[in-house]
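This is what each chain is made of:
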Amino acid sequence: IQDDEVLFVVDSPPSDDTGDGQISPDEMPEPVGAVYPDPPSSMLKGFVRPSVDDRIYQDQWGWTISGYAPIKDYRGRNVGLLGIDMCAEHMENRLAAIRRAGILSLGVAGILALGVTLILARHITGPIKALHQGLTRVSTGDLDAGVPERGRDELGELSRHFNRMVGELREKQLLQSSLGKVMPREVVNRLLADDPKLGGETAVACILFCDLRGFSSISEKLPPKILVGLLNDYFSAMVQAVEKHGGLVDKFVGDKIMAVFGHPIQDERAAARALQAGMDMLSVCDRLNSTLALTSDLTLENSIGIHTGHVLAGNIGSPQRMEYTVVGDAVNIAARLEAKTRKLDTRLIISAQAAAKITPLPGQLRLEKETSLEGRQEKLDVYLLEDKHRAG
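First, a word on scope: everything that follows refers to the structure included in this document. Note that the structure is predicted; figures quoted are calculated from it, not measured.

**Side note on the overall build of the protein chain**
No. 1: A count of helices and strands for the protein chain gives nine helices and twelve strands.
No. 2: Within the protein chain, the fraction of its 392 residues that count as buried is 35%.

Below, the structure written as structure tokens:
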């Protein structure tokens, strides 16, 4: 800059900017000291700091945009300006190429992202879908459900935990099913819910004892296999009669059956249900003789004792081997009442304590006051079933 005018010091060499094969005067470099007409503000700023035109300019050679930077001497003083003109069309072509490359890159990235997404979806949603299907099968009671255990990641670990859970449920169901054949269902559920320990709880229950009379003589006349088959038919019929009236078979002792009513589920009508079950057991036993076509020397005849009182219900035995049962004086009285049926010429005796809880009391029962029981000093009032052969 000199006297507020911009002067040319060095210009670009001659060039055929128009491409017509000739170098016109306009395409010749400006001479040294020529004045630059109407310099834009961006050029003037370039004497102090780098700058660029804020818009594209058009001249006889087309559209251009220029950039400027100051020239410093060895002392760091700004002594001139370097200006560079760039063809806007060339810039546009470069930008278009960049845009095309960007679009192509975006497309490739999108395809790669889609591929990765599909792979991840198969890796993640596949196991999740399998777990969902497995849970659905388990919820419907199908404990044979299992899922593939793939990988060592969280989903693989979750699949392994699921399979272990289903396996434990399957074992518990098998255990529950097996135990349900040898002890009451309610007791099985309680044992599986808690860790079995010795001890129990005091409760009021109605106890029924049923004995098969003369079974020793019958066992002498039959081979073991036939005898076991006969016993199974008899016990099946008796258990069905007990459970029909809400009772639980506590145990089998030889040919005896002990049943409990009113525990572990409390029932105000426990005594009435026990009495009705006992009368049905007598009737079923009588009909079984006809059903099995037993001869007179193999006739089955049972008798029953019923009593209500306090019992201790819980696990009895040792830590290594225990049995869930009920014990107490009420159990002993029920057993002795059954044994008393033979001396009192009846097939069913119910204590007055149990009969007091039954309304109305069946007319087939006759009161017998102050009845003595073996091994007990205290006498009891009891009721006898008068029609001993046709109890039902």
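**Let's talk about the packing of helix α6 (residues 224–244) against helix α7 (residues 270–291)**
No. 1: It is the contact of α6 with α7, at a shortest axis distance of 9 Å, that shows an interaxial angle of 150°. Between α6 and α7, the crossing angle belongs to the class labelled roughly antiparallel. Of the two possible hands of crossing, α6 and α7 adopt the one that is right-handed. Between α6, through Asp233, Tyr234, Ala237, Met238, Ala241, Val242 and Lys244, and α7, the contact on the second element is made entirely by Ala277, Asp280, Met281, Val284, Cys285 and Leu288.
No. 2: Within the contact of α6 with α7, the residues separate by chemical class into ten nonpolar, no polar and three charged.

**A few points about the pairing of strand β7 (residues 256–261)**
Regular strands place their side chains on alternate faces of the sheet.
No. 1: Where burial is concerned, most of β7 is hidden: five out of the six residues are buried.
No. 2: With five bridges connecting them, strand β6 (residues 248–253) and β7 associate as antiparallel partners. Opposite phenylalanine 252, over in β7, you have isoleucine 257 as the bridge partner.
No. 3: In sequence, β6 turns back onto β7 through a hairpin of two residues, with glycine 254 there showing a positive phi of about 65°.

**Thoughts on the nonpolar core**
No. 1: One finds Tyr234, Phe261, Leu348 and Ile350 to be the most contacted residues of the largest nonpolar core, which totals 45 residues.
No. 2: At twelve residues, the largest contribution of residues to this core is made by α7.
No. 3: Apart from residues no more than four positions distant in its own chain, leucine 348 is found in contact with Leu275, Gly278, Met279, Leu282, Ile304, Thr341, Leu365, Tyr383, Leu384 and Leu385.
No. 4: Among the nonpolar cores identified, the runner-up in size contains twelve residues, and Val260, Val311, Tyr324 and Val331 belong to it.

**Considering α6**
No. 1: End to end, α6 covers 30 Å across 21 residues, agreeing with the expected 30 Å (1.5 Å per residue, within 8%).
No. 2: With its phi angle positive at about 85°, glycine 246 sits one or two positions after the end of α6.

**Let's talk about a nonpolar patch on the surface**
No. 1: On the surface, a cluster of nonpolar side chains totalling about 370 Å² of accessible area is made up of Ile71, Val79, Leu82 and Ile84.
No. 2: Note on placement: valine 79 falls in strand β4 (residues 78–87).
No. 3: Looking at valine 79, the relative accessible area reads 54%, which means it is exposed.

**A word on the environment of histidine 132**
No. 1: Assignment of secondary structure puts histidine 132 in helix α2 (residues 88–139).
No. 2: On the accessibility criterion, histidine 132 (54% relative accessible area) is exposed.
No. 3: Separated by 15 residues in the primary sequence, histidine 132 and valine 147 have C-alpha atoms spaced 9.6 Å apart.

**Structural notes on unusual backbone geometry**
No. 1: Cis geometry is adopted by the peptide bond preceding proline 264, which originates at histidine 263 and carries an omega value of 5°.
No. 2: Among the structural elements, proline 264 can be located in the loop between β7 and α7.
No. 3: The peptide bond linking threonine 359 to proline 360 adopts the cis configuration, its omega dihedral lying at -10°.
No. 4: With respect to the helices and strands, the residue proline 360 is situated in the loop between α9 (352–355) and β11 (365–371).
No. 5: Despite not being glycine, glutamate 370 has its phi angle at roughly 45°, a positive value.
No. 6: Looking at the secondary structure, you find glutamate 370 in strand β11.
No. 7: The exposure class assigned to glutamate 370 is exposed, which follows from its relative accessible area of 56%.

**Considering the pattern of salt bridges**
No. 1: Taken as a whole and judged by the stated rule, the model has 13 salt bridges.
No. 2: Between lysine 244 and aspartate 280 there is a salt bridge; the shortest N-O distance is 4.0 Å. Within this pair, whereas lysine 244 is found in helix α6, its partner aspartate 280 is found in helix α7, the two being separated by 36 residues in sequence.
No. 3: Assessed through its relative accessible area of 62%, lysine 244 is described here as exposed.
No. 4: For aspartate 280, a relative accessible area of 17% puts it in the buried group.
No. 5: Note that arginine 376 is salt-bridged to glutamate 378, the shortest N-O span being 3.9 Å.
No. 6: Since its relative accessible area comes to 21%, arginine 376 is described here as partly exposed.
No. 7: If you follow the salt bridges from partner to partner, you end up with Asp211, Lys256, Glu338 and Arg342 in one network.

**Quick look at the packing of aromatic side chains**
No. 1: Scanning the model with the defined rule gives two aromatic pairs in all.
No. 2: Arranged with centres 5.6 Å apart and planes meeting at 50°, the rings of tyrosine 234 and phenylalanine 235 form a pair that is tilted.
No. 3: Looking at tyrosine 234, the relative accessible area reads 0%, which means it is buried.
No. 4: Under the relative-accessibility criterion, phenylalanine 235 is labelled buried at 12%.
No. 5: Among the aromatic residues, those joined into a cluster by ring pairs are Tyr234, Phe235 and Phe252.

Definitions and limits used
Residues numbered from 1 in each chain as written. Predicted model: local features only at pLDDT ≥ 70, side-chain atom pairs only at ≥ 80, totals over all residues. Heavy atoms only, no water. Helix = DSSP H or I, 4+ residues; strand = E, 2+ residues; numbered from the N terminus. Buried < 20%, exposed > 50% of the residue type's maximum accessible area, 1.4 Å probe, protein only. Axes fitted to C-alpha atoms, helices over the stretch in contact; angles between N-to-C directions. Parallel < 35°, antiparallel > 145°, perpendicular 65-115°, else oblique. Left-handed = near helix turned anticlockwise from the far one by under 90°. Contact = heavy atoms within 4.5 Å. Nonpolar A, V, L, I, M, F, W, Y, C, P; charged D, E, K, R; others polar. Pairing = 2+ DSSP bridges. Core = buried A, V, L, I, M, F, W, Y, C linked by side-chain atoms within 4.5 Å. Expected span 1.5 Å × (residues − 1). Patch = residues over 30% accessible without salt bridge, like charges linked within 9 Å, V, L, I, M, F, W, Y side chains within 5 Å. Areas by Shrake-Rupley, 256 points an atom, 1.4 Å probe, with all protein chains shown as cover. Salt bridge = Lys/Arg side-chain N within 4 Å of Asp/Glu carboxyl O. Phe/Tyr/Trp six-rings, centres within 6.5 Å; stacked < 30°, edge-to-face > 60°.

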